[in-house]
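# Fold and geometry: a report
Given next are the chains, with one letter for each unit.
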Amino acid sequence: MNLKSVLSRRIITAAVVLVLAGQACTLSLFENPFGNGTATQTPVSVVPSPTPLVAAQTTFVATLPEPLQANETLAIAVLDEVTGLSLNATQYPMSARDSLTYTATLPLPYNSVVKYRYVRRGTAQVLEDTNLGAPIRYRMYFVAGPAEVTDIVADWGDKSYARPHGIVLGQITNVDTGSPLPNMLVTAGGMQSITTSSGRFELSGLPTGTQNLLVYSMDGMYQTFQQGAAVADGQTTVVDLRVKSLPLVNVTFTVTVPDTTVPGVPVRIAGNILQLGNTFADLQGGVSTSPDRMPIMSLQPDGRYATTLALPAGAHIQYKYTLGDGYWNAEHKSDGTWNLRDFIVPTQDTTLQETVLSWSSGDSPILFEVTVPSVTPPSDIIYMQFNTFGWMEPIPMWPLGNNRWAYKLYSPLNILGSFSYRYCRNGQCGSADDSQTVGAAPTGRQASTSLMGQDIQDTVGTWKWFENPEPVTLVGASITPRASGFVAGVEFQPTYRPSWSYYMPQALTNTQAIGSNMVVFTPTWTYTTVSPLGFATAPGQDPLWIDSAIMLSQARALGLNVAVFPTPHFLSNAATFWQNAPRDAQWWQTWFTRYRAFAVNYADLAAQTGAQTLILGGDWITPAMPGGKLPDGTLSNVPADSETQWRSIITDVRQHFKGQVLWALPYTKAAIEAPLTFLQDVDGIYLLWSASLSSNPSATKADYSNEAGHLLDNEVSSLASLLNKPFILAVSYPSAAGAAGGCIPDGAGACLDWNLLSRPNADVGSASLSLQTQADIYEAILTAVNSRQWITGFVSRGYYPPAALQDKSTSIHSKPVADILWYWFPRLLGKVQ
């Protein structure tokens, strides 16, 4: 079995779940879909639910960095990632062996994977940190039988300790095929790393001593691997680990729900693996599961719900049935506590027959009904977001028809009292909001729990950024059809949230509908630290390998050409990152090594998913170019051999990807004139264009077009002639006043970074919305491109996939400028005369 077939197996399994998730919008609610009578349970053959798993006595031994205070105790917290790591943890007190060593023995299910961390309890509860000061999400342990687990607590959240540490570096491969395995979670000492396309991982800053090293397949497709790893001070421990794939079996989940359940509402399965909605990320409010990624069960004629999933035999599954996510409206036991089910997938096809005892906990349920504006796009789904101890992940509502939506909140009402809530479109609360509750931290609408049932009826008067969608008046133009190979494309913005996966097919269909023949994806890794340099996939911020693979495959299935443009994500911004970096010889060597791994990772992804193009470079990378300078104009101290480094990276990339390789070059006079010899090694230029076209507020489209033509002829065409390679114009202009002049005031006398206008960033009040400005700029540049045959493509950058917004960002999604492209793209491609 080669790597491409393994990837296909994982894509198909995950994609089936996305299809099941999409069934929610087709259900008819508040009526029985099988007739006007009440659904009744019919006798079925009894298939037992999973029996309680046999427990193994497991002793945890924790060594502390310093003795506890007199009023402090130590506990081990066993975590529930399905409900939320901090929302349903079970703490077990530990006993002291001596002043630094504590133990606790727990009965844990055989063949289960336990997630846990240590808690120091005193006047407040303090969680452990890594040696680098980062919070520990959890440690992991595979229970193969009775055993003793030894851990070293490196740091506490309120204290720091200087202690020796080392690195574990390694590669994960398939034991049967030898193929490297991406998307595997590797953990030791509470630190986590996700493997790249080459199966490589790195865990830095581990305390010296023996660490429990565990390899976990987030989709359950491979056996969990566990062994000790010796860590020495200042040394790197290299490991080569091989794991075995697991066969898939069909598991049919059949569940009887309480008779209080609203007829026809979607019942989901929330669980601990990717296929059951786990994102392995810290989402809003402390949850990790996303309802948009969970499978939805089908309502049966007898009133039960059922679905069949292909799951890996031997995988440890934790799951629950829910009308919301793992926290909201999830099933409860008879005593009101959450019900979390444990299951080891058997080696043969299995049917589970189960019963939800209750959706409720606490006071009587609250029914929310809302009427939304008639301009709401018919494909939109309305969500509710609740605020208890912070705004949580939004929950999809249930469609009633005629712009009316409903949601019945059953639980956890026992801990709410008074609370806030709001409505938004497509789960993008904070971006696609009800105009009464705009932004990341609004007060929200108010509600309180009660012993009596409630029916709260609301109306959304307008949607922010979609109040009254503006049409555009199209002006005919004489457009010269281009030769075969001309690119008419849309580039998706690099920001990512796990819930976006559900809306990606619709976004791809929308881009195809305006005549695009190419979509550019911008998958990211995150720079988590500057020194030591941390650059890797951060779940929740960056798409996992499997997420990117599914998106690319969906685009290819629509017949779109696909380009992959790897782009970094910064915790603050690129300028701050470069300014704070040491930029000495050793740091630069590490930086080039990390970027090489980044580029090769996405070269492999492009190759394995059938993408046509890979784009390297970008505007953020200027300090790493030969003679590089920081954003403030000072020299970056880039090594003298940087030209050689870049040529070597391009050579490596070509060994992994046989398609077209472009270089993303920012349009600045300095960048265009820089003697970059390595540009001869790429197949074309992807010119990042946000040039100033006029600072005159009275300038016309003709003025914009003339200036664009002047700049292209006098500053760009010479480089195009010199390289004799394709030149694609990648355009980015926000829908804001001042965009044509290249400067949108930031309110402090300077120009705004246009990326700040993109969602889900907060609105920037100093910028003024101007949809017409963006449309005029695009039409003017397209006019200039029309008469310059050496330009071989036009791409719109910054598309926001999950929702139509007529905001100030560079996105064209459902803005007047999209109509401009709808007119131009088919004519440039010769599909419309």
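Parameters and conventions
- Residues numbered from 1 in each chain as written.
- Predicted model: local features only at pLDDT ≥ 70, side-chain atom pairs only at ≥ 80, totals over all residues.
- Heavy atoms only, no water.
- Salt bridge = Lys/Arg side-chain N within 4 Å of Asp/Glu carboxyl O.
- Helix = DSSP H or I, 4+ residues; strand = E, 2+ residues; numbered from the N terminus.
- Buried < 20%, exposed > 50% of the residue type's maximum accessible area, 1.4 Å probe, protein only.
- Phe/Tyr/Trp six-rings, centres within 6.5 Å; stacked < 30°, edge-to-face > 60°.
- Lys NZ or Arg CZ within 6 Å of the ring centre and 35° of its normal.
- Contact = heavy atoms within 4.5 Å.
- Pairing = 2+ DSSP bridges.
- Disulfide = S-S within 2.5 Å.
- 1 Å grid on protein atoms, 1.4 Å probe; cavity = no way out; pocket = protein on both sides within 12 Å on 5 of 7 lines; lining within 4 Å.
- Points joined across faces, edges and corners; volume = space filled by probe spheres on them.
- Nonpolar A, V, L, I, M, F, W, Y, C, P; charged D, E, K, R; others polar.
- Core = buried A, V, L, I, M, F, W, Y, C linked by side-chain atoms within 4.5 Å.
- Axes fitted to C-alpha atoms, helices over the stretch in contact; angles between N-to-C directions.

Another point: the pattern of salt bridges. Scanning all chains against the criterion turns up 30 salt bridges. Between arginine 137 and glutamate 81 there is a salt bridge; the shortest N-O distance is 3.2 Å. Within this pair, whereas arginine 137 is found in the loop between β7 (125-129) and β8 (139-142), its partner glutamate 81 is found in the loop between β2 (73-78) and β3 (90-93), the two being separated by 56 residues in sequence. The shortest N-O distance in the salt bridge between glutamate 148 and arginine 97 comes to 3.5 Å. Note that glutamate 148 is positioned in strand β9 (residues 147-152) and arginine 97 in the loop between β4 (95-96) and β5 (101-109), a separation of 51 residues in sequence. Residue glutamate 148 is classed as partly exposed on the basis of its relative accessible area, which comes to 48%. Among the charged side chains, a network of salt bridges with common partners joins Glu81, Lys115, Arg137 and Asp282.

In this description, an aromatic ring pair is defined by two values, namely the gap between the centres and the angle between the planes. Applying the stated criterion to the full structure yields 56 aromatic pairs. For the ring pair tyrosine 327 and tryptophan 328, a centre distance of 4.9 Å and an interplane angle of 85° mean the geometry is edge-to-face. Per residue, the accessibility class of tyrosine 327 equals that of tryptophan 328, and both read buried. With a centroid separation of 4.8 Å and an interplanar angle of 70°, the aromatic rings of tryptophan 663 and phenylalanine 678 are classed as edge-to-face. Residue tryptophan 663 is found in strand β40 (residues 660-666), and its partner phenylalanine 678 is found in the loop between α7 (669-673) and β41 (684-689); the two are separated by 15 residues along the sequence. For phenylalanine 678, a relative accessible area of 0% corresponds to the buried category. The ring centre of tryptophan 391 lies 5.0 Å from the NZ or CZ of arginine 422, which sits over that ring. The ring of tyrosine 823 has arginine 827 sitting right over it, with the charged end atom 3.9 Å from the ring centre.

Moving on, we come to the environment of glycine 742. Note on placement: glycine 742 falls in the loop between β42 (727-731) and α9 (771-786). For the pair formed by glycine 742 and serine 694, sequence separation is 48 residues and the distance between their alpha carbons is 8.0 Å. Here glycine 742 is in contact with Ser692 and Trp754, once residues within four sequence places are set aside.

Turning to the pairing of strand β18 (residues 248-256), a few remarks are in order. By the bridge criterion, 8 bridges tie β18 to strand β21 (residues 305-312) in an arrangement that is antiparallel. Counted as the bridge partner of valine 249 is leucine 311 from β21. Alignment of β18 against strand β24 (residues 350-355), held across 6 bridges, turns out to be parallel. Looking at the pairing, phenylalanine 253 lines up with leucine 352 of β24.

A complete count under the given rule lists 2 disulfides for this structure. Paired through a disulfide, cysteine 424 and cysteine 429 show a sulfur-sulfur distance of 2.0 Å. Its S-S torsion of about -75° marks the bond between cysteine 424 and cysteine 429 as left-handed, since a negative value means left-handed. For cysteine 424, a relative accessible area of 0% puts it in the buried group. For cysteine 743, the disulfide goes to cysteine 751, at an S-S distance of 1.8 Å. As the torsion about the S-S bond is roughly -100°, the cysteine 743-cysteine 751 disulfide counts as left-handed. According to the relative accessible area criterion, cysteine 743 is partly exposed, its value standing at 28%. Of the residues examined, cysteine 751 reaches a relative accessible area of 46% and is grouped as partly exposed. Sequence-ordered numbering of the disulfide-bonded cysteines in the protein gives the connectivity 1-2, 3-4.

Enumeration over the complete set of coordinates arrives at 9 cavities of 30 Å³ or more. Counting residues per element, the lining of the second largest cavity draws most heavily on helix α3 (residues 545-557), which supplies 3 residues. Residues that form the lining of the second largest cavity fall into these classes: 11 nonpolar, 4 polar and no charged.

On to the nonpolar core, then. Formed by 111 residues in total, the largest nonpolar core has its most connected members in Phe521, Trp591, Tyr595, Trp646, Trp663, Trp689 and Ile781. Examining the composition of this core, we find that 11 residues originate from one element, helix α5 (residues 585-609), more than from any other. Beyond its immediate chain neighbours, meaning those up to four positions away, tryptophan 646 contacts Trp591, Phe592, Tyr595, Ile621, Ala624, Met625, Pro626, Trp663 and Phe678. Counting residues in each nonpolar core, the second largest holds 85 residues, with Tyr138, Val372, Trp405 and Ile456 among its members.

On to the sheet that holds strand β17 (residues 236-243), then. Ordered in space as β14-β11-β17, the 3 strands form an open sheet in which the pairing is mixed. The sheet is open, and its two borders are formed by β14 (200-207) and β17, each paired with just one other strand. Strand-to-strand twist in this sheet, taken as the mean axis angle between neighbours without regard to direction, amounts to 25°.

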